[in-house]
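Here's the letter readout for the chains.
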Amino acid sequence: MRNVYKIHEVNKHRFYQVPKELFSNKRYSDLSSDAKLLYGMLLDRMQLSEKNGWVNDDNEIFLIFSRQSAQDLLNISKPTATKVFKELKEKELIFEERQGLNQPNIIYIGKINYKKSATKPETNRRLKNLTSRSKENELQEVKNFNPNDTELNDTELNDTEREKGFGQNPNEFETPMIFIFATDYAANDYEIDNVQYYLQKYKSATGKEHEPLKPSQWKKVFNEITSAGEHEVLGKQFKRIVDQHFKTDYKNCDYNINHFISGQIMLNRYYEIERDEDQDQAG
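> Any chance you could break down the overall build of the protein for me, citing the residues and the numbers?
Scanning the protein for helices and strands turns up 13 helices and five strands. Residues counted as buried form 42% of the 283 residues belonging to the protein. Intrachain contacts of the protein at a sequence separation of at least 6 include 65% that bridge at least 24 residues. Accessible surface, the protein as shown: approximately 17300 Å² in total, 45% of it carbon and sulfur.

What follows is the structure in structure tokens.
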């Protein structure tokens, strides 16, 4: 006998409720499926918080839902978990407050905006604006990032990458190399800002341009550059972590950005910054 539903068995399960507006409203059309499902999970968790009386002084309901919980329930990687939280924050579907070192953030659930208006992603506007710079400056930046044959040769590129110009003459590009990769791999301005700052810091600290990277390496860099473990690092906090990184004396390290995002490097520098801040407050 087939194990299928019968008419009296339809409602015997518990469900996560994901609002239809996340699919029908153009405002949320660029949210990933993981982000939409996570929002439904957070709404479910909010009901438990309401029953337990987890509210602040303004009667706003809060909850605790770690990146690790998202990884486990959605079966996604740590960088992906960080990215889906970031997606919800950018749409103001969640707001987070930090509790302190090694403590999960407090989360408040934002209400859905029912106005059916769509805005272009900030990253696209920014990348478009970059093309307005002088051609001479742009071409110089491209030359600085142009891979040589040993780093990235034509045999390593697929047809799509060849069509976009990777590995061709740098004078044929209209935008700097980093932003050509950013067009494909950067999810938002935060990732671009972090990469930009790191490369600027690298040049000032070493006196030379950063060595070229392969497309797969750029993809990983943009994917992980805003995450220190479960912690999102942006703006001044990211700059402090990078500054701390270049003050650290590593063995056999050339301060390549790939080294920075690998292992526990970013997370260790994050904890050092947090420790210093706690000591300053205690002092």
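> Could you give an account of the packing of helix α2 (residues 33-52) against helix α3 (residues 67-74), naming the residues involved and the relevant values?
Contact geometry of α2 with α3 gives a least axis separation of 11 Å together with a crossing angle of 110°. One way to sum up the angle between α2 and α3 is to call them roughly perpendicular. At the point where α2 passes α3, the crossing takes the right-handed sense. Along its contact with α2, which presents D34, L37, L38 and M41, the element α3 presents A70, L73 and L74.

> I'd like a rundown of the sheet that holds strand β2 (residues 94-97), residues and numbers included.
Through backbone hydrogen bonds, the strands of a sheet pair up, either in parallel or in antiparallel fashion. The strand order across the open sheet built from three strands is β1-β3-β2, with neighbouring strands paired in antiparallel fashion. Of all the strands in the sheet, the pair left with one neighbour each is β1 (62-64) and β2. Strand-to-strand twist in this sheet, taken as the mean axis angle between neighbours without regard to direction, amounts to 35°. Both β1 and strand β3 (residues 106-109) contribute to a ladder of three bridges, which runs antiparallel.

> Requested: an account of the pairing of β3, with residues and values cited.
Working note: regular strand, side chains alternate between the two faces of the sheet. Going residue by residue along β3, you find I106 and Y108 tucked away on one face and I107 and I109 tucked away on the opposite face as well. As defined by bridge partners, β2 adjoins β3 across four bridges and the pair is classed as antiparallel. Among the inter-strand pairings, E96 is bridged to a residue of β3, identified as I107.

> With reference to specific residues and values, describe the nonpolar core.
Core analysis: the largest hydrophobic core is formed by 30 residues, its most contacted members being Y198, W218, F238 and F260. Mapped by element, the contributors of at least two residues to this core are α9 (189-206), α10 (215-224), α11 (235-247), α12 (257-261) and α13 (265-282). The greatest single-element share of this core, amounting to six residues, is contributed by α9. When sequence neighbours within four positions are dropped, the list of residues in contact with F238 reads N194, Y197, I225, V233, F260 and M266.

> How would you summarise the environment of L234 if you had to cite specific residues and measurements?
Turning to its location among the elements, L234 is positioned in the loop between β5 (231-232) and α11. Along the backbone, L234 and D193 are 41 residues apart, and their C-alpha atoms lie at a distance of 8.5 Å. The contacts of L234, once residues within four sequence positions are left out, are Y190, N194 and T226.

> Describe the side chain of R269, listing the residues and the values that go with them.
Mapped onto the fold, R269 is located in helix α13. Only 2.8 Å separates the side chain of R269 from the side chain of Y250, close enough to count as a polar contact. If we skip the residues at most four places from it in the chain, R269 touches I241, Q244, H245, T248 and Y250.

Conventions and cut-offs
Residues numbered from 1 in each chain as written. Predicted model: local features only at pLDDT ≥ 70, side-chain atom pairs only at ≥ 80, totals over all residues. Heavy atoms only, no water. Helix = DSSP H or I, 4+ residues; strand = E, 2+ residues; numbered from the N terminus. Buried < 20%, exposed > 50% of the residue type's maximum accessible area, 1.4 Å probe, protein only. Contact = heavy atoms within 4.5 Å. Areas by Shrake-Rupley, 256 points an atom, 1.4 Å probe, with all protein chains shown as cover. Axes fitted to C-alpha atoms, helices over the stretch in contact; angles between N-to-C directions. Parallel < 35°, antiparallel > 145°, perpendicular 65-115°, else oblique. Left-handed = near helix turned anticlockwise from the far one by under 90°. Pairing = 2+ DSSP bridges. Core = buried A, V, L, I, M, F, W, Y, C linked by side-chain atoms within 4.5 Å. Polar contact = N/O pair within 3.5 Å; in protein donor to acceptor, adjacent residues only side chain to side chain.

Don't take any of this as a statement about function, it's just geometry.
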